[in-house]
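Structural overview
Here's the letter readout for the chains.
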Amino acid sequence: MKYVSTRGTPDLGQFSDVLLMGLAPDGGLAMPESIPAFGPADLEALRGLSYPDLAFAVMRPFITDVPEDDLRALLHRTYRSDVFHSADMTPLTRLGDSQLYLLELSNGPSLAFKDMAMQFLGEIFEYVLERRGEVLNILGATSGDTGSAAEYAMLGKARVNVFMLSPHGRMSTFQQAQMFSLHEPNIFNIAVEGVFDDCQDLVKAVNADAPFKARYEIGAVNSINWARVLAQAVYYFKAYLALNLAPGQPVDFSVPSGNFGNVFAGYLAKSMGLPVGQLIVASNENDVLHDFFSSGTYHVRPAERVAMTSSPSMDIGKASNFERYLYLIADRDGAQTRTWWEGVGRGEPVALHGSAHWDAVTASEFRSGRSTHADRLNTIRRIDREYGRLIDPHTADGVLVGERHLRPGVPMVCLETALPAKFGETVQEAVGRIPGRPERFLNIEDAPRTFEVMPNDVQVLKAYIAAKLGALKGEVSPTR
Ligand SMILES: *Cc1c(COP(=O)(O)O)cnc(C)c1O
């Protein structure tokens with residue numbers, strides 16, 4: 001399978017090439033040249049497969065440059081019950097006898113759905129780097145979930161080091177403890193004296209220094225990585241199969257959304273022939289995506305106008321993966337996508353209402369909604385009372401917006417994107433008690449912490465990276 005850019009560059013190489021690429025050279029995102037279709041008989045053949053074998057069946061058509069046996073072995077190493085704490089990785093639980101189901105995606109190492117793709121990324125990075133005799137130094141910024149998922153995924157990986165910037169003192173106590181209790185030689189936690197945007201600006205500044213970037217083999221694990229999107233498509237298949245519906249009968253999904261990566265993976269599954277009906281984009285107060293699907297106009301919100309909410313992982317004003325969706329809506333017209341996205345970069349809206357493109361949006365059956373802090377608390381409380389099930393604030397946004405779009409006879413699968421333990425303060429505000437947590441995290445706040453406090457200064461950061469990598473040389477020897 002060849003990959004192309006959403007901005008029109010035709011040949012970006014194969015899966016392993018786009019895996020390590022980040023943005024395409026023309027500034028666009030990698031997309032497969034075509035989307036393989038699963039017919040009804042192909043879908044039937046997926047029944048009864050274990051999660052790793054299902055992942056193989058779904059992902060293989062997109063990953064043709066890794067030998068079949070290697071890919072299968074790699075997926076079996078990734079999706080293990082001792083990592084995801086469940087025999088089938090992503091259990092589907094019905095809420096009482098309602099039409100609502102929770103797809104549990106957050107039983108992995110960091111207690112958020114990002115583990116589903118990030119664990120795969122850890123394995124495939126190590127595999128591809130090994131074959132190429134290369135190393136990768138991941139530089140990232142996190143406000144919480146991405147950092148811990150990335151660090152747990154890269155633990156013990158000989159060819160990968162992680163430098164993760166977070167805003168000093170601004171993550172939840174639990175999130176800080178999760179990251180800073182890691183004492184691995186390849187993980188470097190840097191608490192920046194600033195806010196999340198400062199951390200992101202530091203990452204951009206380092207990446208803008210091309211010689212430094214090349215010399216120190218700097219890369220990223222952000223949500224535009226195609227491998228993450230692809231790995232996330234698998235659990236949509238898993239949920240559909242678990243429902244045991246009559247052939248062709250559709251299922252609706254509701255997805256708490258920020259960067260549009262998770263719900264786009266659902267659209268990928270739908271485009272591959274999975275009988276998905278509505279794909280519901282649930283936003284919080286930062287409702288740029290809801291604006292688009294309800295009015296036809298996409299308008300990026302600058303960082304200073306993005307509100308800090310109680311579903312913080314959805315506090316995003318520019319949904320990077322949305323470019324992939326627009327590319328498909330434009331019927332793979334790279335020039336059109338470039339025009340739209342360059343406008344977005346200048347703060348201009350993409351206004352599609354009334355155009356032929358809007359007909360394509362309508363046909364894609366996306367729906368949307370927004371919720372507020374009060375909605376979130378009410379939903380957490382109500383789902384706890386009615387079904388005895390505690391959910392996290394992000395999942396609550398998804399459940400609430402999903403309920404508004406229920407259709408007779410169609411199951412609504414709500415994606416559980418984090419466990420309540422991760423956002424204990426808000427859950428306690430809703431139900432008056434502190435949510436339970438898996439045993440391995442019981443006293444994590446008391447564990448010793450390893451992290452470096454750093455001023456918001458790119459020169460200090462570069463010197464730190466150079467010194468640490470200098471010290472590691474000799475321990476990690478990628479020579480072959
Ligand atoms: C990252 C995240 C989201 C948003 O997912 P996107 O793929 O960015 O849309 C929602 N909920 C939680 C808990 C997250 O960590």
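Computed from a prediction, not measured in an experiment: that's the story for all the values here.

1. A look at the site of the ligand
Near the ligand lie 15 residues; those nearest to it are Lys114, Asp145, Gly258, Asn259 and Asn262. Asp145 places a side-chain nitrogen or oxygen 2.6 Å from an oxygen atom of the ligand. Between Gly261 and the ligand, the recorded distance is 3.2 Å, taken from a backbone N or O atom to an oxygen atom. Summarising the interface, the protein chains cover 97% of the accessible area of the ligand, which totals 380 Å² for the free molecule. Considering only residue class, the shell around the ligand consists of five nonpolar, eight polar and two charged.

2. Some details on the UniProt feature "modified residue: N6-(pyridoxal phosphate)lysine" (unreviewed entry) in the protein chain
UniProt's feature table lists "modified residue: N6-(pyridoxal phosphate)lysine" (unreviewed entry) at Lys114, given in the numbering used throughout. By secondary structure assignment, the location of Lys114 is in helix α6 (residues 114-132).

3. Some words on the domain arrangement of the protein chain
Domains assigned within the protein chain are domain 1 (3-83 + 112-225 + 445-472) and domain 2 (90-110 + 232-431). Facing the 46 residues of domain 1 at the interface are 44 residues of domain 2. Both faces combined, the contact of domain 1 with domain 2 buries some 4000 Å², and carbon together with sulfur accounts for 60% of it. When the area that domain 1 buries against domain 2 is broken down by residue, the three leading residues are Arg7, Arg47 and Phe113, summing to 18%.

4. Here's the deal with the sheet that holds strand β9 (residues 251-256)
The mixed open sheet is built from six strands, whose spatial order is β3-β4-β14-β9-β10-β13. Each end of this open sheet is capped by a strand with a single partner; those strands are β3 (92-94) and β13 (366-370). Averaged over all pairs of adjacent strands, the angle between strand axes in this sheet comes to 25°, irrespective of strand direction. Of the pairings in the sheet, the one linking strand β10 (residues 276-283) to β13 comprises five bridges and is parallel in character.

5. Notes on the environment of Glu126
In this fold, Glu126 is placed in helix α6. If we ignore the near neighbours within four places in the chain, the residues touching Glu126 are Lys157, Ala158, Arg159 and Val160. At 3.3 Å, the side chain of Glu126 forms a polar contact with the backbone nitrogen of Arg159.

6. Things to note about the packing of aromatic side chains
Following the criterion strictly, the structure yields 31 aromatic pairs and no others. These aromatic residues form a ring-pair network of at least three members: Phe260, Phe264, Tyr267, Phe292, Phe293, Tyr298, Phe322, Tyr325, Trp341, Trp358 and Phe366. Across the ring face of Phe56, the terminal group of Arg72 is positioned such that the distance to the ring centre comes to 4.0 Å. For Lys462, the ring lying beneath its charged end belongs to Phe212, and the centroid distance is 5.7 Å.

7. Examining the packing of helix α9 (residues 196-208) against helix α20 (residues 458-472)
Interaxial distance between α9 and α20 falls to 10 Å at its minimum, and their mutual angle equals 65°. Overall, the two elements α9 and α20 adopt an arrangement that is roughly perpendicular. Where α9 crosses over α20, the two elements pack in a sense that is right-handed. On α20, the residues touching Leu202, Ala205 and Val206 of α9 are Val458, Leu461 and Lys462. A class-by-class count of the residues in the contact of α9 with α20 yields five nonpolar, no polar and one charged.

Reading the values: rules and limits
Residues numbered from 1 in each chain as written. Predicted model: local features only at pLDDT ≥ 70, side-chain atom pairs only at ≥ 80, totals over all residues. Heavy atoms only, no water. Near = heavy atom within 4 Å. Polar contact = N/O pair within 3.5 Å; in protein donor to acceptor, adjacent residues only side chain to side chain. Areas by Shrake-Rupley, 256 points an atom, 1.4 Å probe, with all protein chains shown as cover. Nonpolar A, V, L, I, M, F, W, Y, C, P; charged D, E, K, R; others polar. UniProt positions renumbered as here; feature names shortened; annotations may be inferred. Helix = DSSP H or I, 4+ residues; strand = E, 2+ residues; numbered from the N terminus. Domains from an automatic or database assignment. Contact = heavy atoms within 4.5 Å. Buried area = accessible area lost by both parts, 1.4 Å probe. Pairing = 2+ DSSP bridges. Axes fitted to C-alpha atoms, helices over the stretch in contact; angles between N-to-C directions. Phe/Tyr/Trp six-rings, centres within 6.5 Å; stacked < 30°, edge-to-face > 60°. Lys NZ or Arg CZ within 6 Å of the ring centre and 35° of its normal. Parallel < 35°, antiparallel > 145°, perpendicular 65-115°, else oblique. Left-handed = near helix turned anticlockwise from the far one by under 90°.

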